[in-house]
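Residues per chain are reported as follows:
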Amino acid sequence: MKLTVEQVRHVATLARLSLTSEEEERYATQLSAILDAVAQLQELDVSGVEPTSHATLASSLLREDVTRPSLPPEKSLANAPAKVGTSFSVPKILE
Amino acid sequence: MQLTDLTLLELAAKLASGEVTSVEATQACLARISQVDGKVKAFLRLDEHGALAAAEASDARRKSGNPHGPLDGVPVAVKDIFLTEGVETTCASHILKGFVPPYDATTVRLLKEAGMPILGKLNQDEFAMGSSNESSAYGPCHNPWDVTRTPGGSSGGSAAALAAREVFGTLGTDTGGSIRQPAALTNTVGLKPTYGRVSRYGVISYASSLDAPGPMARTVGDVAALLKVLARHDPLDSTSAPADVPDYLADLEQGVAGLKLGVPREYFVEGMDPEVEAAVRSALKEYERLGATLVDVSLPHTKYALATYYLLAPAEASSNLARYDGVRYGHRTREAKGLKDMYGMTRDEGFGPEVKRRIMLGTYALSAGYYDAYYLKAQKVRTLIREDFTKAFTQVDALVTPTSPVPAFKLGEKVNDPLSMYLMDVCTLPCNLAGLPGLSLPCGFTKAGLPIGLQLMGRPFDEAKLLRIGRAFEREHEFTRRLAPI
């Protein structure tokens, strides 16, 4: 399956990646080759087969709905690139 | 013989008898690292102060007759994917440069509780995406058997540090073969435990349904001893299994007489190196001589495993790596004017080419219009692959295959050809898709002196049997005794 540069650009937007035009060209070629290789799955008839999302899990992933201690704000914020008080700081969204 | 030439269990015995102190062992490792790591590049960073402080505390416990366990005082190191409180953890990525975790991964906590000094953080492929350690943002790791070659990946640093005798045991993670393939390429032993056997809490996620942390060391016994420390149910990881944990050292010497070992014909793939195939076939004969019965088995969906893996793993990665947006930790671009720009530019600057490639592939496979054809289809094929294994294990106790189809290749040889690189995992990744345990151990050398690995795969939570089968072969050979020429 041949991916166009426009499709690569669209996927990059979905993935929140700002690619250079050189990267867009390269990924169009490389992803097309990978999608060609994985197309072999289409030859298999999987009607009636249940999907496996976890190989060995038999039980629910949900834990009990009880409160537990969490990291204190100073630890949570210790690695923040920018912060204000006890909040993470980001560039403004609205003018 | 130098102190660092000892195996993990040999050092543990010397610590127990008082012949050696933990401080001496830790200093010997630091001296060895200083001597050889300039060539190997296994360590991304050392925690000399923390390791020596832990060693001194261990010696004090020994002196007062209260060691924390048989491995108290044995120095180890961990892949940079494991969170280490107070010690920078980058997952070999620029996007996490400067990140200092506020807590330890459960596995790291368990090593510390066992009294083991942690020497530092080991090189790896960026976010564990790669099979040669060349996608590390901090430069490749080199194979101690030939420094022009790769040690494999993604746990390349964990394997190379062992082969170079810089440390006695390491932790790696295995999403598609990242413990076993580097073990095979460096003449070391690596175990991918059953999914859920070892906690993933505090291990930076790549593909959550496949990731398995596990022990690496120089012998099967050493790996068994480390697994004993690591295997337990962890309430902090909702996918951790509340399964019984046996004593992995108890039955280690029981041999293979009476066991049935399956030889899946699909694993002797076209393009396999003839010397690798010869060594594996010779190991199979050896198992027969030791009293096991070889059974020809078929896993017919094996040929679809690579495609299945390279849809599922990138899909999960694209979701997991969405958290690196420059808001809470790690790198943030200085160029962006607004929030949306900040996300895109931060991620473009922070991630390397292989990580971006997999994020793009995963995002595409999950996007509207393609989800059913790619992601859902791959999940259904995963079911067929699992069923193949379930069927095979009604006939046999374990499966025996090559670990890697080729020995260590030259650095740079495959780096521009993603598909060729992905083929390096062809023998290991079905095990991850099925969630099974897999062990790689040395089984020979090529004429050029490069290590060859043998892979054993078992039923879920049957690590003890795999270790026993591995040990039976190891006992008959000197492979694990051979030291890398560095």
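Presented here is an overview of the structure given in this document. Throughout, residues of each chain are indexed from 1 in the direction in which the sequence is written. Following the order in which they are written, the chains are lettered starting with A and the ligands numbered starting with 1. Residues qualify for local features only when their pLDDT is at least 70, as the model is predicted, and side-chain atom pairs are given and counted only at 80 or more; totals for whole chains, interfaces and linings, by contrast, use all residues. Values reported for side chains reflect all heavy atoms of the structure, with hydrogen atoms and water molecules removed beforehand.

**Examining the overall build of chain B**
A count of helical and extended segments in chain B gives 15 helices and eleven strands. Here the C-alpha radius of gyration of chain B, 21 Å, is about what a compact globule of 486 residues would show, namely 23 Å. Projected onto its principal axes, the C-alpha positions of chain B cover 65 × 55 × 45 Å. Exposed residues in this analysis have more than 50% of their type's maximum accessible area, buried residues have under 20%, and partly exposed residues fall in between, with area computed by a 1.4 Å probe over protein chains only. Put simply, chain B has 486 residues, and 67% of those count as buried. Any two residues whose heavy atoms approach within 4.5 Å are treated as being in contact. Relative to all contacts within chain B whose residues are 6 or more apart in sequence, the contacts with residues 24 or more apart total 75%. Numbering goes from the N terminus for both helices and strands, where a helix is a DSSP run of H or I of at least four residues and a strand is a run of E of at least two. Radius of gyration: over C-alpha atoms. The globule rule applied is 2.2 Å multiplied by the number of residues raised to the 0.38 power.

**Notes on the sheet that holds strand β5 (residues 189-192) of chain B**
Backbone-to-backbone hydrogen bonds join strands into a sheet, with any given pair of strands oriented parallel or antiparallel. All names here are of chain B. Strand order in this open sheet of eleven strands is β1-β3-β2-β4-β6-β5-β10-β11-β9-β7-β8, and the pairing throughout is mixed. Across the chains shown, the open sheet's two edge strands, defined by having one partner strand only, are β1 (43-46) and β8 (293-297). With strand direction ignored, the average angle separating the axes of adjacent strands in the sheet is 30°. Here strand β10 (residues 438-445) runs beside strand β11 (residues 451-458); their pairing, made up of seven bridges, is antiparallel. By this definition, two strands are paired if DSSP reports at least two bridges between them. Axis definition: a line fitted to C-alpha atoms, over the contacting stretch in the case of helices. Angles run 0 to 180 degrees between N-to-C directions.

**Some thoughts on the nonpolar core**
Most often, soluble globular proteins have nonpolar side chains that are buried together. Counting 165 residues, the largest nonpolar core has Leu 111, Phe 127, Tyr 287 and Phe 389 of chain B as the members making the most contacts within it. For this core, the element with the highest residue contribution is helix α9 (residues 305-320) of chain B, accounting for ten residues. In this description, a nonpolar core means a group of buried Ala, Val, Leu, Ile, Met, Phe, Trp, Tyr and Cys residues linked to one another through side-chain atoms lying within 4.5 Å.

**Some points on the interface of chain A and chain B**
Contacts between the two partners involve 51 residues from chain A and, on the opposite side, 62 residues from chain B. A quick way to say it: buried area is the sum, across both parts, of accessible area lost when two parts are put together, with a 1.4 Å probe. Note on chain A versus chain B: buried area summed over both sides is about 5,200 Å², and carbon and sulfur give 66% of it. Three residues, Leu 41, Thr 52 and Asn 79 of chain A, lead the burial of chain A against chain B; their summed loss comes to 12% of the area buried on that side. Between Lys or Arg on one side and Asp or Glu on the other, a salt bridge is scored when a side-chain nitrogen of the former is within 4 Å of a carboxyl oxygen of the latter. Counting across the chain A and chain B interface gives three salt bridges. Across the pair Glu 23 of chain A and Lys 356 of chain B runs a salt bridge, and its minimum N-O distance is 2.6 Å. For this analysis, a polar contact is any N or O atom pair within 3.5 Å, provided that within protein one partner can donate a hydrogen and the other can accept it, and provided that sequence-adjacent residues contribute only side-chain to side-chain pairs. At the boundary of chain A with chain B, the tally comes to 21 residue pairs in polar contact (both at pLDDT 80 or more). Put simply, the parts of the chain that give the side of chain A that touches chain B at least two residues each are α1 (5-14) and α2 (21-38) of chain A. A per-element tally of the side of chain A that touches chain B places α2 of chain A first, with ten residues. Three residue categories are used. Nonpolar comprises Ala, Val, Leu, Ile, Met, Phe, Trp, Tyr, Cys and Pro, charged comprises Asp, Glu, Lys and Arg, and polar comprises the others, including Gly. Residues of the side of chain A that touches chain B, tallied by class, amount to 32 nonpolar, eleven polar and eight charged.

**With respect to helix α15 (residues 463-475) of chain B**
Residues and elements named next belong to chain B. The end-to-end C-alpha separation of α15 is 18 Å, in line with the 18 Å expected for 13 residues at 1.5 Å each. A large share of α15 lies buried, amounting to eleven of its 13 residues. Of the positions making up α15, those classed as buried are Glu 463, Lys 465, Leu 466, Leu 467, Arg 468, Ile 469, Gly 470, Arg 471, Ala 472, Phe 473 and Glu 474. Expected helix span is given by 1.5 Å per residue-to-residue step, counting one fewer step than there are residues.

**With respect to the packing of aromatic side chains**
Residue and element names in this part refer to chain B. Two rings from Phe, Tyr or Trp (for Trp, the six-membered ring) form a pair when their centres are within 6.5 Å of each other. A pair whose planes differ by under 30 degrees is stacked, one over 60 is edge-to-face, and the rest are tilted. Taken as a whole and judged by the stated rule, the model has 16 aromatic pairs over all chains. Aromatic side chains Phe 127 and Tyr 324 sit 5.0 Å apart centroid to centroid with 50° between the ring planes, which places their arrangement in the tilted category. Highlighted residues: Phe 127 in the loop between β3 (118-122) and α5 (156-163) and Tyr 324 in the loop between α9 and α10 (339-350), separated in sequence by 197 residues. A relative accessible area of 1% means that Phe 127 is categorised as buried. According to the relative accessible area criterion, Tyr 324 is buried, its value standing at 5%. Counting every residue linked through ring pairs, the aromatic cluster contains Phe 99, Phe 127, Tyr 324, Tyr 329 and Phe 351. Throughout this description, the term charge over a ring refers to an Arg CZ or Lys NZ atom that lies within 6 Å of the ring centre and within 35 degrees of the ring normal. Lying over the aromatic face of Phe 268, Arg 281 brings its terminal NZ or CZ to 4.0 Å of the ring centre. Seen from the ring of Phe 445, Arg 482 lies directly overhead, with NZ or CZ sitting 3.9 Å from the centre.

**Some details on the side chain of Arg 149 of chain B**
With respect to the helices and strands, the residue Arg 149 of chain B is situated in the loop between β3 and α5. Once you skip the residues sitting within four places of it in the chain, Arg 149 of chain B turns out to touch His 142, Asn 143, Ala 408, Phe 409, Lys 410, Leu 411 and Leu 450 of chain B.

**What about the pairing of β10 of chain B?**
Residues and elements named next belong to chain B. For β10, the tally of buried residues reaches eight of eight residues, placing the bulk of the element in the interior. Here three bridges tie β5 to β10, and the two strands are oriented antiparallel to one another. Within β10, the residue paired with Gly 190 across the bridge is Ser 440. Two successive antiparallel strands, β10 and β11, enclose a turn made up of five residues, where Gly 449 displays a positive phi of approximately 85°.

**Brief notes about α5 of chain B**
Residue pairs spaced three or four apart in an α-helix point in one direction, given the helix's 3.6 residues per turn. All names here are of chain B. Of all eight residues in α5, eight are buried; the element is thus mostly enclosed. Those residues of α5 that sit buried are Gly 156, Gly 157, Ser 158, Ala 159, Ala 160, Ala 161, Leu 162 and Ala 163. Looking one or two residues past α5, Arg 165 carries a phi angle of roughly 55°, positive in sign.

**Here's the deal with the pattern of salt bridges**
It is possible for side chains of opposite charge to pair when their charged atoms get near one another. All names here are of chain B. One pass over the full model with this rule turns up 32 salt bridges over all chains. Across the pair Asp 296 and Arg 265 runs a salt bridge whose closest N-O atoms are separated by 3.1 Å. Here the residue Asp 296 occupies a position in strand β8, and Arg 265 occupies one in the loop between β7 (260-264) and α8 (274-289), the gap between them amounting to 31 residues. What makes Arg 265 partly exposed here is its relative accessible area of 47%. In this structure, a network of salt bridges that share partners links the residues Arg 45, Asp 80, Glu 88 and Lys 121.

**Describing empty space enclosed by the protein**
Residues and elements named next belong to chain B. Computed over the protein atoms alone on a 1 Å grid, cavities are sets of points where a 1.4 Å probe fits but cannot get out and pockets are open sets with protein on both sides within 12 Å along at least five of seven lines; a residue lines them when it has an atom within 4 Å of a point. Grid points are joined across faces, edges and corners, and a volume is the space filled by probe spheres set on the points. Enumeration over the complete set of coordinates arrives at three cavities of 30 Å³ or more. Looking at the largest cavity, its volume works out to about 80 Å³. As for the largest cavity, its lining consists of Trp 145, Leu 162, Ala 163, Arg 165, Thr 186, Asn 187, Arg 218, Thr 480, Arg 482, Leu 483 and Ala 484. For the lining of the largest cavity, the residue count by class is five nonpolar, three polar and three charged. Lining the second largest cavity are Ala 128, Gly 130, Ser 131, Gly 176, Ser 178, Tyr 206, Tyr 309, Tyr 310, Arg 358 and Asp 425. Each residue belonging to the lining of the second largest cavity can be placed in one class, and the counts come to four nonpolar, four polar and two charged.

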